[in-house]
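Examination of the molecular architecture
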Amino acid sequence: MRRKKCAALLITVTLLLSACGRNSEANLTNETSEVINIVEEDDVPLATYSWEESMIYEAENGTLLGGTSVKNGTDITYVEGFAQDGDGLEIKIQIEESDFYDINVISKSADGGSKENYLIVDGLSMGTVQVEGREFTDSISKRIYMEAGEHTVTIMKYWGWIHVDKLQVKKSDELDNSRFEIEPVLVNPNATENTKRLMTYLCDIYGTDILSGQYCDGGMYGHENATIWKTTGGKYPAILGLDMIEYSPSRVANGSSSQAVEYAIEYWEKGGIVTFCWHWNAPEKYLTGQWYSGFYKEHTNINLEKIMNGEDEEGYKLLMADIDAIAKELLRLQEAGVPILWRPLHEASGGWFWWGNAGADAYKELYVLLYERLTNEYGLNNLIWVWNGQDKEWYPGDEYVDIIGEDIYPGEKVYTPQTSKYLEVLDYTDSKKMIVLSENGCLFDPDLAIRDGAMWGYFGTWGGEFVSTSKELYLYSEQYTEEAVLKKVYEHEHVITRDELPDIKNYPLHEEQQ
């Protein structure tokens, strides 16, 4: 049976965690558990707060860092600069009541272009300040928990070149917990039984538990997994992350080979879940630099817009041939009964990969084409489509997306759950879609995710330096996540590891799916 979700659960846990302190683990008593079970959604009104009730802090009254300076404009005084590393602005704010707060940085771009700079609260990264255009506008970071007292908000140069007018701080609106009520209806109505069962399980635990995930090119016993197993005393991630990169024809032509399909089958048979991305190496015709870096725009001269509008017919045929090559590998997985969390064309809006270099329209055309070719022509019914374009304007449509993924690398030892970004993703579509952290560098603290309501469906830590730099000794690297935090995450009661997964092959479907 489907796990019943109580709308008040996270609110109640939030209050308990807040009462016990920022990093405390609250022990729920039987009495409290009864309260959680009997409170209904209608009994929990959603409070809303207006910016008219906000506290305002003028930028010129803050502390200038590095080369920033105060500029007295015709109508407004602001802080400018943010041109060199170390440039920033520090503002002290006063919080009267411990609660969640939204911070609005009112700023504009110095040259009108898109800008993104770090937002830090009390030394912890809370996301970025994003702005575009020459008019002062809002950049809101939502649901930052702050206890009563003084706090330090810092805007630090990342891309730089902004003018900051002021900060506004207000209480956050309460969250609607119906966001976790996702029906396991896949966009492909012909999905295989195993695929439907996996999606049903993901939906059943969403909002309550978080699946652990790790990218590991070497498969179940690869370097990263072995390091985690050794460090945690025998734990494996629930999800194994792999890449179709070496099956790209332009890499095969240069001698590449892969066992990713075999590794995926092995992990599935051992009770695990598998996700695949595809660093799509461009066809050889378009490679201009290092062939093994042919997924980056700077190593190619491919023009996706010309391919999609028909100007480059040969390019279209070459892309179709690449898709055909990957389809054959995905068919092998389908024949083995393996459902895949399939995440192609990732991080498109960032512009660093060739599939995002021609803008949102060409990208969305390619995404839809990929979906239709794999689904309708090849009959690949074992794919759960994880869209990872990273921006609302790049969203291809609900009919092509099962899950929305975000990739976040906030720096070293940043254990906040990036709540503001999680909440931003809720606005990508009016439909309810599961939200996952499809790639991450450092791990986040599960207690903070529960407190903030940022319950990512799963996380997928990238490999290499984010886990270990010693392949021979499987020594854990604490550069991004300290060992104590890794252990806490993998031992947490609301983080699922591979040994805690149910038998997905026999996981019960909902009545309406049968």
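Located above this text is the structure these notes cover.
For the structure given in this document, a descriptive report is provided here. Since we're looking at a predicted model, the values are computed, not measured.

Calculation criteria
Residues numbered from 1 in each chain as written. Predicted model: local features only at pLDDT ≥ 70, side-chain atom pairs only at ≥ 80, totals over all residues. Heavy atoms only, no water. Salt bridge = Lys/Arg side-chain N within 4 Å of Asp/Glu carboxyl O. Helix = DSSP H or I, 4+ residues; strand = E, 2+ residues; numbered from the N terminus. Buried < 20%, exposed > 50% of the residue type's maximum accessible area, 1.4 Å probe, protein only. Polar contact = N/O pair within 3.5 Å; in protein donor to acceptor, adjacent residues only side chain to side chain. Contact = heavy atoms within 4.5 Å. Lys, Arg positive; Asp, Glu negative; His and termini not counted. Axes fitted to C-alpha atoms, helices over the stretch in contact; angles between N-to-C directions. Parallel < 35°, antiparallel > 145°, perpendicular 65-115°, else oblique. Nonpolar A, V, L, I, M, F, W, Y, C, P; charged D, E, K, R; others polar.

1. What about the pattern of salt bridges?
Per the stated rule, a full pass over the model turns up 24 salt bridges. The partner of Glu97 in a salt bridge is Lys171, and the shortest N-O contact between them spans 2.6 Å. Of the two residues, Glu97 sits in the loop between strand S5 (88–95) and strand S6 (99–109) while Lys171 sits in strand S11 (residues 162–171), which places them 74 residues apart along the sequence. Residue Glu97 is classed as partly exposed on the basis of its relative accessible area of 41%. Several salt bridges converge on common partners, so that one network encompasses Glu97, Asp99 and Lys171.

2. A word on the side chain of Thr195
Take Thr195: it is sitting in helix H3 (residues 193–205). Among the polar contacts listed, one links the side chain of Thr195 to the side chain of Thr192, at a separation of 2.5 Å. A polar contact is formed between the side chain of Thr195 and the backbone oxygen of Asn381, at a distance of 3.4 Å. In this structure Thr195 touches Leu186, Pro339, Asn381, Asn382, Leu383 and Ile384, once residues within four positions along its chain are discounted.

3. What about the side chain of Asp322?
One can find Asp322 in helix H8 (residues 313–335). The buried charged residue Asp322 lacks any salt bridge, with Arg373 as its nearest oppositely charged partner at 10 Å. Within the structure, Asp322 has its side chain in polar contact with the side chain of Trp280 (distance 2.9 Å). Leaving out residues up to four positions away in the same chain, Asp322 has contacts with Pro249, Trp278, Trp280, Asn281, Ala282 and Pro283.

4. Quick word on the packing of helix H4 (residues 223–232) against helix H12 (residues 483–491)
Following both chains from N to C, one finds H4 and H12 inclined at 90°, their axes separated by 10 Å at the closest point. Classified by the angle between their axes, H4 and H12 sit roughly perpendicular to one another. On the side of H4, the interface is formed by Ile228, Thr231 and Thr232, while H12 contributes Glu483, Leu486, Lys487 and Tyr490. Partitioned by chemical class, the residues of the contact of H4 with H12 number three nonpolar, two polar and two charged.

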